[in-house]
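As a plain string of letters, each chain reads:
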2 protein chains.
Amino acid sequence: MPPAAPAKAPRKTAGRPVNSTITHERIVSVALEQIDRVGIHAFSLRDVARSLDVYPSTIYWHAASKDALLADVSSLVMAGVVPPRGEGDWRDWMRKLFNRYRKSIRKHPNVAQLIGAQLASNASLSIALIEGVIDALLEAGATETNLREAYNCVISAMMGFMTMELAPLPTDDPEGWAAALEARVRSVDPLAHPTLVRHLPLLANKAFILRWQNGSEVPLNSSFDAHVEIFLAGLEAFLQRPVGSGA
Amino acid sequence: MPPAAPAKAPRKTAGRPVNSTITHERIVSVALEQIDRVGIHAFSLRDVARSLDVYPSTIYWHAASKDALLADVSSLVMAGVVPPRGEGDWRDWMRKLFNRYRKSIRKHPNVAQLIGAQLASNASLSIALIEGVIDALLEAGATETNLREAYNCVISAMMGFMTMELAPLPTDDPEGWAAALEARVRSVDPLAHPTLVRHLPLLANKAFILRWQNGSEVPLNSSFDAHVEIFLAGLEAFLQRPVGSGA
DNA sequence: ACCTGAACACCGTTCAAGT
DNA sequence: ACCTGAACACCGTTCAAGT
């Protein structure tokens, strides 16, 4: 039987539910809570079942598989990120899109890799996103010869940075690993790598590969802002460029 | 006992190895082969042990944990991606870096997410990468007020796109899922989403969210090239921009 | 030093059986 | 229709014991 069930146990025999609300939405919601707490790696269906005080097999009545459930979790987190067409030009709309994506994902940092791995392959509710990006790109002057490339770059720019910013650190022995990396970083030979050592104070724990805390503890706000501006400036140059290579 | 062991079984009693070559490197190499075949999701230490015809616990003499082993696998794949300082300006060096990273990772597509999730937090052999990027940025005119931001953008641009391009599709029922997505994509209402439908032929199976095969089957070459050019143009604009916001 | 062999505490998923 | 209860085929990791 499912362990724990500390006090209340309203019903423990098979049959249709009396007043239980084991809906699909509740399962997704509990799954998201678990992921927020323990991360994607340690997340398990059996924990979800325990939280709901049901058997693991119950989950399978409401969800097809673990992967399907995770897809629904990422859809839930993505809900509402796509800005309305509203006023403002395509630059404003894209800036808004990027910032809203960041805000949504920062509420559930552990879902970042899920989205990177699943939105890339899952259409769920994101038709609004696709159409919004296409419209913005057409407004920016995209043509048949560069629309696909520009579209792919927008999607990857939106998600790529944050996937990395929120990439999980080694879970086993967290502060031991942090101390080891910090020591190793601080003991780099100044003669062999002078520029690295000189700029270490600027980068330590605030730059990829050189950090021992991830983006949910040490956000990379200014870098994300730079990322957005770099992308928008580069995109405009790309779309205004003379014809030539397109395939 | 470990199953299979079809024909040869040179030694099956405990003790020091007679002539076995169960080195750390061989374990990492076999692990990479497994990942290439079955993907990160289905990869297991026990399979590696089976391939080497040893008990799972043997792995733990040569590696600290599964995560540590995976870190070594990604280091192996990353070996040799950092270009030498050589001739050419910082733009050439960075273009080379991006393209060599792409070439290396395309040989082992399933490792892409590993790198995205681990290089972001693991220093392994990548001091050459860090120093190379810093040097290139200084040559490009980066200063104390924007070096960190530019550095983070370079690293995320290098890995972000390919992490998405090679993101795994649902593994269970692959062609069933592909058919379902394709059908759903082709049945979008033209009245509700006119621009999407109009540009569908251009995007179908060649654009994020709208594809049913991932980057190892349908590469996004021209989009990656666009991504690199967009980033380089945007980066130059960012570095040449007047002082102002930097924190 | 390096491996066997067994055990521990988990997984996702399936399926008959209940009500 | 919706859940129990048990089972199947796995995992990563630990640890005593062998040589």
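These figures come from a predicted structure and were not determined experimentally.

## Here we look at the pattern of salt bridges
Inference 1: Under the counting rule described, the total for this entry stands at 14 salt bridges over all chains.
Inference 2: For the salt bridge of Arg95(A) with Glu229(A), the shortest nitrogen-to-oxygen distance reads 2.8 Å. Placement of the pair is Arg95(A) in helix α5 (residues 90-107) and Glu229(A) in helix α12 (residues 221-240), with a sequence separation of 134 residues.
Inference 3: A salt bridge links Glu149(B) to Arg148(B); the shortest N-O distance between them is 3.8 Å. Here the two residues Glu149(B) and Arg148(B) agree in accessibility, since each one is buried.

## Notes on the packing of aromatic side chains
Inference 1: Enumeration according to the criterion identifies 6 aromatic pairs over all chains in this entry.
Inference 2: Relative to Phe224(B), the ring of Phe161(B) lies with its centre 5.7 Å away and its plane at 65°, an arrangement referred to as edge-to-face. Here Phe224(B) lies in helix α12 (residues 221-240) and Phe161(B) lies in helix α8 (residues 147-165), a separation of 63 residues in the sequence. Accessibility classification places Phe161(B) together with Phe224(B) in one group, the buried group.
Inference 3: Among the aromatic residues, those joined into a cluster by ring pairs are Phe161(A), Phe208(A) and Phe224(A).

## Quick look at the UniProt feature "domain: HTH tetR-type" (unreviewed entry) in chain A
Inference 1: UniProt records the feature "domain: HTH tetR-type" (unreviewed entry) for residues 21-81 of chain A in the present numbering.
Inference 2: Here residues 21-81 of chain A is 77% helix and 0% strand, with 28 Å between the C-alpha atoms at its ends.

## Examining helix α9 (residues 174-186) of chain B
Residue and element names in this part refer to chain B.
Inference 1: With 13 residues, α9 ought to run about 18 Å at 1.5 Å a step, and its terminal C-alpha atoms sit 18 Å apart, in line with that.
Inference 2: Buried within α9 are the following residues: Trp177, Ala178, Leu181 and Val185. Each buried residue of α9 lies within a common arc of 100° when the element is viewed along its axis, so the set occupies one face. Opposite the buried face of α9, at more than 90 degrees from it, the exposed residues are Glu175 and Arg186.
Inference 3: Of the surrounding elements, those touching the buried residues of α9 are α11 (200-203).

## Overview of the interface of chain B and chain A
Inference 1: Every contact between the two is made by 69 residues of chain B and, on the other side, 69 residues of chain A.
Inference 2: The junction of chain B with chain A conceals about 5,900 Å² of combined surface from both sides, 68% of it contributed by carbon and sulfur atoms.
Inference 3: When the area that chain B buries against chain A is broken down by residue, the three leading residues are Arg148(B), Ile209(B) and Ile230(B), summing to 13%.
Inference 4: There are 0 salt bridges connecting chain B and chain A.
Inference 5: Inspection of the region where chain B meets chain A yields 18 residue pairs in polar contact (both at pLDDT 80 or more).
Inference 6: Contributing elements (two or more residues each) for the side of chain B that touches chain A: α6 (112-118), α7 (127-139), α8, α9, α10 (194-198), α11 and α12 of chain B.
Inference 7: By residue number, the principal contributor to the side of chain B that touches chain A is α8(B), which donates 12 residues.

## A closer look at the relation of the copies chain B and chain A
Inference 1: Of the transformation superimposing chain B on chain A, the axial component is 0.0 Å and the angular component is 180°, with the fit at an RMSD of 0.0 Å. One copy is carried onto the other by what is essentially a two-fold rotation axis.
Inference 2: The fraction of interface residues of chain B whose copies in chain A are also interface residues reaches 100%, indicating that both copies meet through the same surface.

## Let's talk about the UniProt feature "DNA-binding region" (unreviewed entry) in chain A
Inference 1: Here the UniProt-annotated "DNA-binding region" (unreviewed entry) positions come out as residues 44-63 of chain A.
Inference 2: Counting secondary structure, residues 44-63 of chain A comes out at 75% helix and 0% strand; the distance between its end C-alpha atoms is 14 Å.

## Quick notes on the nonpolar core
Inference 1: With 158 residues, the main nonpolar core has Leu137(A) and Leu137(B) as its most contacted residues.
Inference 2: Residue contacts for Leu137(B): discarding those within four places in its chain leaves Met94(B), Ala142(B), Leu147(B), Ala150(B), Tyr151(B), Val154(B), Leu235(B) and Leu239(B).

## Points about empty space enclosed by the protein
Empty space left among the atoms is revealed by rolling a probe the size of a water molecule over them.
Inference 1: Under the counting rule described, the total for this entry stands at 4 cavities of 30 Å³ or more.
Inference 2: Together, 14 residues line the largest cavity, and Ala157(A), His227(A), Ala157(B), His227(B) and Phe231(B) are the ones closest to its centre.
Inference 3: Where the lining of the largest cavity is concerned, the elements lending two or more residues are α8 (147-165) and α12 of chain A together with α8 and α12 of chain B.
Inference 4: Looking at the lining of the largest cavity residue by residue, the class counts come to 8 nonpolar, 6 polar and no charged.

Conventions adopted
- Residues numbered from 1 in each chain as written.
- Chains lettered and ligands numbered in written order.
- Predicted model: local features only at pLDDT ≥ 70, side-chain atom pairs only at ≥ 80, totals over all residues.
- Heavy atoms only, no water.
- Salt bridge = Lys/Arg side-chain N within 4 Å of Asp/Glu carboxyl O.
- Helix = DSSP H or I, 4+ residues; strand = E, 2+ residues; numbered from the N terminus.
- Buried < 20%, exposed > 50% of the residue type's maximum accessible area, 1.4 Å probe, protein only.
- Phe/Tyr/Trp six-rings, centres within 6.5 Å; stacked < 30°, edge-to-face > 60°.
- UniProt positions renumbered as here; feature names shortened; annotations may be inferred.
- Expected span 1.5 Å × (residues − 1).
- Arc of directions from axis to C-beta.
- Contact = heavy atoms within 4.5 Å.
- Buried area = accessible area lost by both parts, 1.4 Å probe.
- Polar contact = N/O pair within 3.5 Å; in protein donor to acceptor, adjacent residues only side chain to side chain.
- Least-squares fit on C-alpha atoms with pLDDT ≥ 70 in both.
- Core = buried A, V, L, I, M, F, W, Y, C linked by side-chain atoms within 4.5 Å.
- 1 Å grid on protein atoms, 1.4 Å probe; cavity = no way out; pocket = protein on both sides within 12 Å on 5 of 7 lines; lining within 4 Å.
- Points joined across faces, edges and corners; volume = space filled by probe spheres on them.
- Nonpolar A, V, L, I, M, F, W, Y, C, P; charged D, E, K, R; others polar.

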